[in-house]
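Here's the letter readout for the chains.
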Amino acid sequence: MDSALTSEAEAANELMRLARIIAKHNKLYHAEDTPEIADAEYDALVRRNNELEEAFPHLVRDDSPNKLVGAAVANSPLSKVTHEQRMMSLDNGFSDEDIAEWLARVRRFLNLDENTPIAVTAEDKIDGLSCSLRYEKGELVLAATRGDGQIGEDVTANVRMIADIPQTLKGDVPDLFEIRGEVYMAKADFDGLNTRLMDEGKADAKAKNTDFDPEKIRQFANPRNAAAGSLRQKDAAVTAKRPLKFWAHGWGVHSALPGETSFLVAKAIESWGVPVSPLVKRFETLEETLVHYRHIEAERADLPYDIDGVVYKVDRLDWQQRLGFVAKAPRWALAHKFPAEQAQTTLEAIDIQVGRTGKLTPVGRLKPVTVGGVVVSNVTLHNRDEIERLGVRPGDRVVIQRAGDVIPQVVENLTRDVRREDYHFPNRCPECDSEAVAEEGEVDVRCTGGLICPAQRFQRLVHFVSRGALDIDGLGEKSIAEFIDAGFIESPADIFRLRQHRDAILAREGWQEKSVDNLLDAVDNKRDFDAARLLFGLGIRHIGTVTARDLLKKVVRIEDIESLADSLENERSGIEKLPDEEDKKYQQRIDNAISEIIAIDGVGAAAGHSLADFFHEPHNRAAWNDLMSQVSPPDYIVETRDSAVAGKTVVFTGKLETMSRDEAKAQAEALGAKASGSVSAKTDLLVAGLGAGSKMKKAQDLGIEVIDEAAWAEIVKEAG
């Protein structure tokens, strides 16, 4: 995704919404076995979330779908089981380029040269219910569902009813070995089960001499639902009547491994009597791997079971161990999902929506069409440049695709050569009639009305009280709109003055004394709230939650953010442009000065400019001072883990022989340190590899401790 197509503030708002939507559908799918949307639509939600997180890594939320696995076990008749080793999920790729980039990331992380092959295994990704089987001395002792990855359900009695799963493993097996895989139902068995349920309903009605009503018969929607519902039965006798199958695709805790590669371990598991995919293969080139993907994709419809992609794994287990995990998924594995469906329809109109930051976003209104089982009537057109690129106008015949956006996207205009009046993007805001312009170097057109624009005022205040910002319970979009209309609030500070309007709110329809007092108490409880989330809540462009925290690490007191902004503005205005200096070089001088003042790794010039721009506007400074008069957030304290480098700033330089720079930084962060890319007076430790140059000299001049790669390895080893 081109990050220029979405502003930071809009991305933060959309990530918040996606987190809620995906969490809801995770619960329906994993915990309740009652999904409301198709897999392709779910994948589109996840992919959109991933694109936004990749474009804006500092906006990744604590409740990000990428940090959660499955769904928590709730209201289950089965006992809960805590997994000794967390059951992870997989990241997804949707194109050949995604797979090539994944392998490139693996190569960079492992610090491998281009001539070193990376062997991978590839197998079809079956659409079933994840399950772990714990064998001790070859005997099955425990079976559990994945649940949320940490806590699942005990389905041991039910699993014993599945013929594919041996009670005792064959051959020479480790004393402890946990096999992980999928419980599934074949397509033919699924059809047979639904037919049998219908026949049993008819027979029961006949025996009771009543009319048969087929709508009262609970049939399963798809094989995955049938497998999940059949396995998670309180009565194992019900499971015994269901035609469930199993195959293994991995393992968890173990006392020993029967091989040094993923492929060899899979073959060993198969030799013990546990089924594995008949399509699992090992390849050493990307080209061979993708050929296998195409083969599986071509055979997909004829396979006896449902699949939704192909899973790739780095074959060498020592490399898997080095690669480790990120959030909910391993770095060493990826699911290559099958492409989304497309459809043709007519673009009937183009509407302009004004976002919280003033961005004018065009939305296409479509003649409703079904794509992948979902009726679509709206499509995002992103911005002015995208409309020009596609050449779309109302009346055009277009191809749409659900392949990454929550609102589908147009991939082709079939009638762009037909003579029709061009669409002219508005140069004035449709909400407040203020001028709408695009800043130099940007594609987004924005309303210049600021807080006088009704659309921006509402969205800014909604963002301010949202879950990622102040999270004020009871103050949602409906209440914000009501209070704006009533004249109670116009700015963030006004929210903290709502108690002055208590009687007026009570007099309004739908408000009771308890609900009003609860709301006012909730507002007062946020007066000394987290400073970073308060700063994020202002919706300053490029200042997400992570960037807000990083800025506060520098100034500690939120009140000093204004002084930091003044320093940035003074530095910008103090840099004189030389007559012979090119605009690009001049801008680079300013950016370098901004970055030098901030001196925070990960906080770039864009955030500095946004901060300075915000406080440059008198009405923003007035709103800030007004807000500061109503709140008193505590100083920002940085928490660190207990290790030799916890809380310290570490810089790596030169060529590292045993690991890549990314792996080294990951180690530092895992030990509670901050990995920086530049040496400054704030640096505590420099790890110097081969050929260390200017950074090492600067560290020595500043009296910073310098160690070699071997000494760093000892620090990591001592930390355990």
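All of the points below concern the structure found in this document. (Residues numbered from 1 in each chain as written. Predicted model: local features only at pLDDT ≥ 70, side-chain atom pairs only at ≥ 80, totals over all residues. Heavy atoms only, no water.)

Our focus in this paragraph is the pairing of strand β7 (residues 176-184). β7 sits mainly inside the fold: 9 of its 9 residues count as buried. Summarising the sheet, strand β4 (residues 129-136) and β7 pair through 8 bridges and their orientation is antiparallel. By the bridge assignment for β7, Cys131 is matched with Gly181. As paired strands, β7 and strand β8 (residues 245-254) are joined by 7 bridges and run antiparallel to one another. For Val183, the partnering residue across the bridge sits in β8 and is Phe246. (Buried < 20%, exposed > 50% of the residue type's maximum accessible area, 1.4 Å probe, protein only. Helix = DSSP H or I, 4+ residues; strand = E, 2+ residues; numbered from the N terminus. Pairing = 2+ DSSP bridges.)

Turning next to helix α16 (residues 513-524). With 12 residues, α16 should reach 16 Å at 1.5 Å per residue; the first-to-last C-alpha distance of 16 Å fits that figure. Here α16 has its buried residues at Val516, Leu519, Leu520, Ala522 and Val523. Take α16 and look down its axis: the buried residues cluster within an arc of 160°, on one side only. In this structure, the buried side of α16 is in contact with α13 (477-485), α14 (492-495) and α15 (502-506). (Expected span 1.5 Å × (residues − 1). Arc of directions from axis to C-beta. Contact = heavy atoms within 4.5 Å.)

The topology assignment puts Thr121 in strand β3 (residues 120-126). Among residues more than four places away in sequence, those in contact with Thr121 are Ser262, Phe263, Val280, Lys281, Arg282, Val311, Tyr312, Lys313 and Asp315.

The strand order across the open sheet formed by 5 strands is β2-β13-β10-β3-β9, and the pairing between neighbours is mixed. With one partner strand each, in any of the chains shown, β2 (92-93) and β9 (281-283) form the two edges of the open sheet. In this structure, β2 lies alongside strand β13 (residues 333-337), joined through 2 bridges in parallel fashion. Looking at the pairing, Gly93 lines up with His336 of β13. Helix α3 (residues 96-110) rests against β2, β3, β10 (307-314) and β13 of the sheet, and its axis sits at about 175° to β13. (Axes fitted to C-alpha atoms, helices over the stretch in contact; angles between N-to-C directions.)

Counting buried positions along β4 yields 7 of 8 residues, so the element is predominantly enclosed. What sits between the antiparallel neighbours β4 and strand β5 (residues 139-145) is a turn of 2 residues, in which Lys137 has the positive phi angle 50°.

With that settled, the discussion passes to the sheet that holds β8. Spatial ordering of the open sheet is given by β5-β4-β7-β8, a layout of 4 strands whose pairing is antiparallel. With partners counted over all chains shown, the strands left at the sheet margins are β5 and β8, one partner each. Neighbour to neighbour, the strand axes of the sheet diverge by 30° on average, direction disregarded. Strands in contact with helix α8 (residues 262-271) are β7 and β8; relative to β8, the strand with the most contacts, it is inclined by about 120°.

Further remarks concern empty space enclosed by the protein. A full pass over the atoms with the stated rule returns 3 cavities of 30 Å³ or more. The calculated volume of the second largest cavity comes to roughly 100 Å³. Together, 14 residues line the second largest cavity, and Glu123, Ala248, His249, Ala266 and Lys313 are the ones closest to its centre. Among the secondary structure elements, those contributing two or more residues to the lining of the second largest cavity are β3, β8 and α8. Considered class by class, the residues forming the lining of the second largest cavity number 7 nonpolar, 5 polar and 2 charged. (1 Å grid on protein atoms, 1.4 Å probe; cavity = no way out; pocket = protein on both sides within 12 Å on 5 of 7 lines; lining within 4 Å. Points joined across faces, edges and corners; volume = space filled by probe spheres on them. Nonpolar A, V, L, I, M, F, W, Y, C, P; charged D, E, K, R; others polar.)

What follows covers the packing of aromatic side chains. Per the stated rule, a full pass over the model turns up 11 aromatic pairs. Here Phe177 and Trp272 contribute two aromatic rings whose centre-to-centre distance is 5.1 Å and whose plane-to-plane angle is 85°, an arrangement assigned as edge-to-face. On the criterion of sequence distance, the pair formed by Phe177 in strand β7 and Trp272 in the loop between α8 and β9 is long-range, its members being 95 residues apart. The same class applies to Phe177 as to Trp272, namely buried. Put simply, the rings of Tyr184, Trp247 and Tyr305 touch in pairs and so form one group of aromatic residues. The cationic tip of Lys526 hangs over the ring face of Phe529; the distance from NZ or CZ to the ring centre is 4.1 Å. (Phe/Tyr/Trp six-rings, centres within 6.5 Å; stacked < 30°, edge-to-face > 60°. Lys NZ or Arg CZ within 6 Å of the ring centre and 35° of its normal.)

Once that is clear, we can look at the pattern of salt bridges. Throughout the structure, instances matching the rule amount to 40 salt bridges. Of the charged contacts, one joins Arg294 and Asp96 as a salt bridge, the two residues approaching to 2.4 Å between their closest N and O atoms. With Arg294 in helix α9 (residues 286-299) and Asp96 in helix α3, this pair connects stretches of sequence that are 198 residues apart. Measuring nitrogen to oxygen at the nearest pair gives 2.8 Å for the salt bridge that ties Glu386 to Arg389. With Glu386 and Arg389 both in helix α11 (residues 384-390), this residue pair falls 3 residues apart, about one helical turn. Judged by relative accessible area, Glu386 falls into the buried class, the value being 14%. Each member of the salt-bridge network shares a partner with another, and the members are Arg499, Asp521, Asp524 and Arg527. (Salt bridge = Lys/Arg side-chain N within 4 Å of Asp/Glu carboxyl O.)

Remark: α3 packs on α9, axes separated minimally by 11 Å, with the N-to-C direction vectors making an angle of 140°. The angle between α3 and α9 falls in the class oblique. Crossing geometry of α3 relative to α9 is assigned as right-handed. The segment α3 lies against α9, with Asp96, Ile99, Ala100 and Leu103 engaging Leu286, Leu290 and Arg294. Residue composition of the contact of α3 with α9, grouped by class: 5 nonpolar, no polar and 2 charged. (Parallel < 35°, antiparallel > 145°, perpendicular 65-115°, else oblique. Left-handed = near helix turned anticlockwise from the far one by under 90°.)

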